Amino acid sequence: MSTERAAVGSAVNRQPMILSYIALARPKQWVKNGAVLAGLFFSERLDRSLSIEHSLAATAAFCLVSSAVYCVNDIADRAADAEHPEKRHRPLATGALQPKDAALAAVVLVLGAAAIVAGFGLAWQVPVILAAYLLLNIAYSMWLKHLALLDVVVIASGFVLRLVAGTYAVGVPPSSWIVLCTGLLSLFLALGKRRGDLEREGIAERPSLDGYTIGFIDQALGMMAAATVVVYALFTVSDYAQFRFHAEGLYLTTFPVVVGILRYLQVVVVQGVYGSPADIVLRDRPLQLIGAIWLGLFAVFVYT
């Protein structure tokens with residue numbers, strides 16, 4: 001293993017430094033920050049240029065802060081990553097970058113996010129949420145990811161914070177419905193990832209997995225799937241939705257939500273696909289199609 005790791009490190013060290021910094025930032029994971037844009041979509045302000053500008057600015061700020069979190073995470077995990085069959089290719093694990101390089105990159109990224117917030121004059125809630133996201137995820141990288149259940153709660157909280165920041169960025173406080181739906185769906189997706197972790201890595205690779213079993217996760221997935229569908233369905237027929245969106249047929253958007261959740265369960269449980277929810281969605285064409293159908297239906301009912 002050590003010879004193979006040295007060969008990988010030698011090959012990586014020959015690549016331009018900028019590519020190592022890009023790999024450290026993990027731009028592929030920025031797709032998760034699309035949750036910030038949901039605030040713009042649900043606020044019915046797609047026709048307002050200022051709202052679009054602020055929403056994109058908040059999304060960019062979250063991209064930079066989330067990359068800073070990855071820098072901190074890789075500093076904390078560099079020794080373990082070097083022994084991992086996939087993570088050993090990360091810049092700190094290979095030696096292409098040193099911890100001080102990653103720390104400096106994290107500071108620059110956070111300062112860049114602060115400059116975006118100040119430059120675009122985003123609402124004060126946005127930087128507060130960004131700071132909360134940063135601190136929570138640093139705590140996750142250092143400690144909380146080793147605690148079963150709390151680890152998936154933190155992951156889900158990250159998506160809720162993104163969405164809430166997106167709503168404040170366009171000047172619309174989040175409703176309890178959107179927070180509930182996002183939180184439940186995020187917990188569902190995070191548990192699906194933990195199932196893959198348990199099957200693929202095992203307890204030795206991730207201590208928090210000691211608190212899970214496949215049977216427990218499958219039961220939790222079923223519970224979270226049911227809770228997500230029920231809460232979303234209730235939202236579509238609630239007085240709030242009728243008053244806010246004036247869409248009698250909004251309940252029809254429940255069907256693609258159900259099918260999408262079933263498809264995710266099929267991919268994770270039946271097919272045993274391993275990876276983060278973002279990776280799965282980016283690779284799975286049926287999930288992308290279902291998501292597009294839901295988005296189109298919701299847009300038709302809300303914007304027409």
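Residues numbered from 1 in each chain as written. Predicted model: local features only at pLDDT ≥ 70, side-chain atom pairs only at ≥ 80, totals over all residues. Heavy atoms only, no water.

On to the overall build of the protein, then. Across its full length, the protein carries 14 helices and zero strands. In sequence order, the protein lays out its α and β elements as α-α-α-α-α-α-α-α-α-α-α-α-α-α. For the protein, whose C-alpha radius of gyration is 20 Å, the value lies close to the compact-globule estimate of 19 Å for 304 residues. The dimensions of the protein, computed from C-alpha atoms along their principal axes, are 65 × 50 × 30 Å. (Helix = DSSP H or I, 4+ residues; strand = E, 2+ residues; numbered from the N terminus. Rg over C-alpha atoms; globule rule 2.2 N^0.38 Å.)

Moving on, we come to the packing of helix α8 (residues 150-169) against helix α9 (residues 176-200). Between α8 and α9, the least distance of the axes is 8 Å, while the angle of their chain directions is 140°. With respect to their mutual orientation, α8 and α9 come out oblique. Crossing handedness for the pair α8 and α9: right-handed. Here D151, V152, V153, I155, A156, F159, V160, L163 and V164 of α8 come into contact with α9, specifically with I178, V179, T182, G183, S186, L187, A190, L191 and R194. Residue composition of the contact of α8 with α9, by class: 13 nonpolar, three polar and two charged. (Axes fitted to C-alpha atoms, helices over the stretch in contact; angles between N-to-C directions. Parallel < 35°, antiparallel > 145°, perpendicular 65-115°, else oblique. Left-handed = near helix turned anticlockwise from the far one by under 90°. Contact = heavy atoms within 4.5 Å. Nonpolar A, V, L, I, M, F, W, Y, C, P; charged D, E, K, R; others polar.)

This brings us to the confidence of the model for the protein. Confidence along the protein averages 88 in pLDDT terms, with 93% of residues attaining 70 or more. When pLDDT is averaged over each helix and strand of the protein, the minimum, 48, is found for helix α1 (residues 2-13) and the maximum, 96, for helix α6 (residues 99-120). Every residue in residues 1-12 scores below 50 in pLDDT, and together they form ten contacts with partners more than four places removed in sequence or on other chains. (pLDDT = per-residue confidence, 0-100.)

We now examine the pattern of salt bridges. Under the defined criterion, the tally for this structure stands at nine salt bridges. As a salt-bridge pair, K193 and D197 come within 3.3 Å of each other at their nearest N and O atoms. Placement of the pair is K193 and D197 together in helix α9, with a separation of four residues, close to one helical turn. Among the residues examined, D197 registers a relative accessible area of 0% and is labelled buried. For the salt bridge of D197 with R194, the shortest nitrogen-to-oxygen distance reads 2.7 Å. Of the two residues, D197 and R194 both sit in helix α9, three residues apart, roughly one turn of that helix. You'll find D197 and R194 in the same group, each marked buried. Connected through salt bridges with shared partners, the residues D151, K193, R194 and D197 form a single ionic network. (Salt bridge = Lys/Arg side-chain N within 4 Å of Asp/Glu carboxyl O. Buried < 20%, exposed > 50% of the residue type's maximum accessible area, 1.4 Å probe, protein only.)

Taking 1.5 Å per residue, 19 residues should reach 27 Å; helix α14 (residues 285-303) reaches 26 Å between its end C-alpha atoms and fits that length. All buried positions along α14 are accounted for by L287, I290, W294, F298 and V302. Buried residues in α14, looked at end-on, bunch into an arc of 90°, giving them a common side. In α14, the exposed positions angled more than 90 degrees off the buried face are occupied by R285 and L289. Buried-residue contacts for α14 involve α3 (34-42), α10 (214-236), α11 (239-245), α12 (254-270) and α13 (277-283). One side-chain oxygen at the N-terminal end of α14 lies 2.9 Å from the backbone nitrogen of L287; it belongs to D284. (Expected span 1.5 Å × (residues − 1). Arc of directions from axis to C-beta. Polar contact = N/O pair within 3.5 Å; in protein donor to acceptor, adjacent residues only side chain to side chain.)

Right, let's talk about unusual backbone geometry for a bit. A positive phi angle, close to 50°, is found at R26, a residue other than glycine. With respect to the helices, strands and loops of the structure, R26 is situated in the loop between α2 (17-25) and α3. Look at R26 and you get buried, because its relative accessible area is 15%. The phi angle at L149 is positive, at roughly 75°, despite the residue not being glycine. Along the chain, L149 turns up in the loop between α7 (125-142) and α8.

Orientation of helix α4 (residues 49-83) relative to α8, taken along the N-to-C sense of each, is 150°, at an axis distance of 8 Å. When the axis of α4 is compared with that of α8, the two are roughly antiparallel. The two elements α4 and α8 cross, and the hand of that crossing is right-handed. Residues H54, A58, F62 and S66 of α4 form the contact with α8, whose own contacting residues are L161, R162, A165 and A169. Looking at the contact of α4 with α8 residue by residue, the classes come out as five nonpolar, two polar and one charged.

Next up on the list: a nonpolar patch on the surface. A cluster of nonpolar side chains, contributed by V230, L234, V237, Y251, L252 and F255, occupies part of the molecular surface with about 570 Å² of accessible area. Assignment of secondary structure puts F255 in helix α12. Classification of F255 as exposed rests on a relative accessible area of 54%. (Patch = residues over 30% accessible without salt bridge, like charges linked within 9 Å, V, L, I, M, F, W, Y side chains within 5 Å. Areas by Shrake-Rupley, 256 points an atom, 1.4 Å probe, with all protein chains shown as cover.)

One finds F42, F188, Y232, F235, F245, L250 and F298 to be the most contacted residues of the largest nonpolar core, which totals 37 residues. Take this core: its biggest share by element is eight residues, from α10. Those residues within four positions of L250 in sequence are excluded, and the remaining contacts are F235, T236, A241, F245, F298, F301 and V302. (Core = buried A, V, L, I, M, F, W, Y, C linked by side-chain atoms within 4.5 Å.)

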